[in-house]
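A structural walkthrough
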Amino acid sequence: MGTQTPAATGLRESKKQETRQLISDHATRLFIAQGFEQTTIAEIAAAARVAKKTVTNYFPYKEDLALDHKEQFAASLADVVAGRHPGESALAALRRAFLDVVAVQDPVAGFSGPQFARMIADSPTLSACLRGLHDQREHHLARALAEATGGRPDDITVQTAAGLLGTVHRVLFNRIQTLTLAGHPNDEIAQIVAAEATRAFDLLEPALSGYATV
């Protein structure tokens with residue numbers, strides 16, 4: 001048997017990504033229209049014109065269809081700490097990165113739009129999953145802080161720093177969602193939250209201004 005050419009492999013991967021996106025788009029549309037709990041995998045498969053098995057091959061859990069950027073979200077704070085600039089503390093790097101994602105109104109930061117935000121808020125399952133993702137994000141952050149400081153992830157200083165930094169991001173994410181559900185446009189939300197983020201991060205400066213500096 002001959003090996004596949006790079007072009008053939010690339011085409012196959014492109015088709016797989018297109019199918020994944022198609023399923024995700026139809027799932028989101030149905031979740032918004034009729035609710036997450038009320039929507040079945042069979043309905044999603046029918047809408048996307050694929051087999052149920054195809055849906056579950058791409059998305060092993062139903063929640064994955066709604067929160068398909070969960071890995072990126074969970075790793076986001078740890079990635080910022082790992083990539084911080086020379087002379088930059090973890091707090092400074094996270095502050096900078098948060099203001100950057102607010103400026104571009106990144107969905108991972110919470111700018112998901114009113115329909116998606118309502119879908120999450122109205123679903124006990126998705127609300128619980130989102131809380132779990134915040135916890136995962138804090139856990140990954142603790143590991144990154146431990147590596148940055150030569151400590152251990154279960155060290156009380158590392159755990160406290162991760163808890164404080166994770167909580168600020170959780171509060172700001174929820175603030176974006178609340179303003180979205182209240183009907184504020186994204187440009188206005190970005191202005192409000194950028195100002196509030198400055199105040200929130202300022203509260204941590206006395207304790208963490210020099211922590212985990214490169």
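Everything below is about the structure shown above.
Residues numbered from 1 in each chain as written. Predicted model: local features only at pLDDT ≥ 70, side-chain atom pairs only at ≥ 80, totals over all residues. Heavy atoms only, no water.

Let's shift gears to the environment of A148. Tracing the backbone through its elements, the reader meets A148 in helix α8 (residues 124-149). Look at A148 and you get partly exposed, because its relative accessible area is 28%. Separated by ten residues in the primary sequence, A148 and V158 place their C-alpha atoms 10.0 Å from one another. (Helix = DSSP H or I, 4+ residues; strand = E, 2+ residues; numbered from the N terminus. Buried < 20%, exposed > 50% of the residue type's maximum accessible area, 1.4 Å probe, protein only.)

Relative to the elements of secondary structure, I189 occurs in helix α10 (residues 186-208). The class of I189 is buried, set by a relative accessible area of 0%. Separated by 45 residues in sequence, I189 and A144 have C-alpha atoms that sit 30 Å apart. If sequence neighbours within four positions are ignored, I189 has contacts with F111, I176, L179, T180 and H184. (Contact = heavy atoms within 4.5 Å.)

This brings us to helix α7 (residues 114-122). Buried within α7 we find A117, M119 and I120. Taken down its axis, α7 places every buried residue within 155° of arc, on the same side. Looking at α7, the residues exposed on the side facing more than 90 degrees away from the buried face are P114, Q115 and D122. (Arc of directions from axis to C-beta.)

Attention shifts here to the packing of aromatic side chains. Following the criterion strictly, the structure yields three aromatic pairs and no others. Ring centres of F73 and F173 lie 5.7 Å apart, and the angle between their planes is 75°; on these two criteria the pair is classed as edge-to-face. In this pair, F73 sits in helix α5 (residues 70-82) while F173 sits in helix α9 (residues 156-181), placing the two residues 100 residues apart along the sequence. Here F73 and F173 have matching classes, each one buried. Over the ring of F36 we find K62, and its NZ or CZ is 4.6 Å from the ring centre. (Phe/Tyr/Trp six-rings, centres within 6.5 Å; stacked < 30°, edge-to-face > 60°. Lys NZ or Arg CZ within 6 Å of the ring centre and 35° of its normal.)

In this structure, R49 is a non-glycine residue whose phi angle is positive, near 60°. As for its placement among the helices and strands, R49 is situated in the loop between α2 (41-48) and α3 (52-58). Located in the positive-phi region is A212, a residue other than glycine, with phi close to 55°. Relative to the helices and strands, A212 is located in the segment after α10.

Contact geometry for α7 and α9: axes closest at 9 Å, N-to-C directions at 110°. With respect to each other, α7 and α9 are oriented roughly perpendicular. Here the hand of the crossing between α7 and α9 comes out left-handed. Each of P114, A117, R118 and A121 in α7 lies in contact with α9, whose residues at this interface are Q177, T180 and L181. Taken together, the residues that form the contact of α7 with α9 break down as four nonpolar, two polar and one charged. (Axes fitted to C-alpha atoms, helices over the stretch in contact; angles between N-to-C directions. Parallel < 35°, antiparallel > 145°, perpendicular 65-115°, else oblique. Left-handed = near helix turned anticlockwise from the far one by under 90°. Nonpolar A, V, L, I, M, F, W, Y, C, P; charged D, E, K, R; others polar.)

For α10, the principal kink sits at D202 and spans about 25°; a proline, P206, occurs within the next four residues. Those residues of α10 lying buried are I189, A190, V193, A197, A200, F201, L204 and L208. Check the buried side of α10 and you find it contacts α6 (90-103) and α9. (Bend = angle between axes of the 7 residues up to and from the residue.)

To continue, consider the pattern of salt bridges. Taken as a whole, this structure holds ten salt bridges when the rule is applied. Where E205 meets R95, a salt bridge forms, and the shortest distance between an N and an O atom there is 3.1 Å. Note that E205 is positioned in helix α10 and R95 in helix α6, a separation of 110 residues in sequence. Looking at E205, the relative accessible area reads 27%, which means it is partly exposed. Note on R95: relative accessible area 16%, which makes it buried. Three or more residues are tied together by salt bridges with common partners; here these are R95, D202 and E205. (Salt bridge = Lys/Arg side-chain N within 4 Å of Asp/Glu carboxyl O.)

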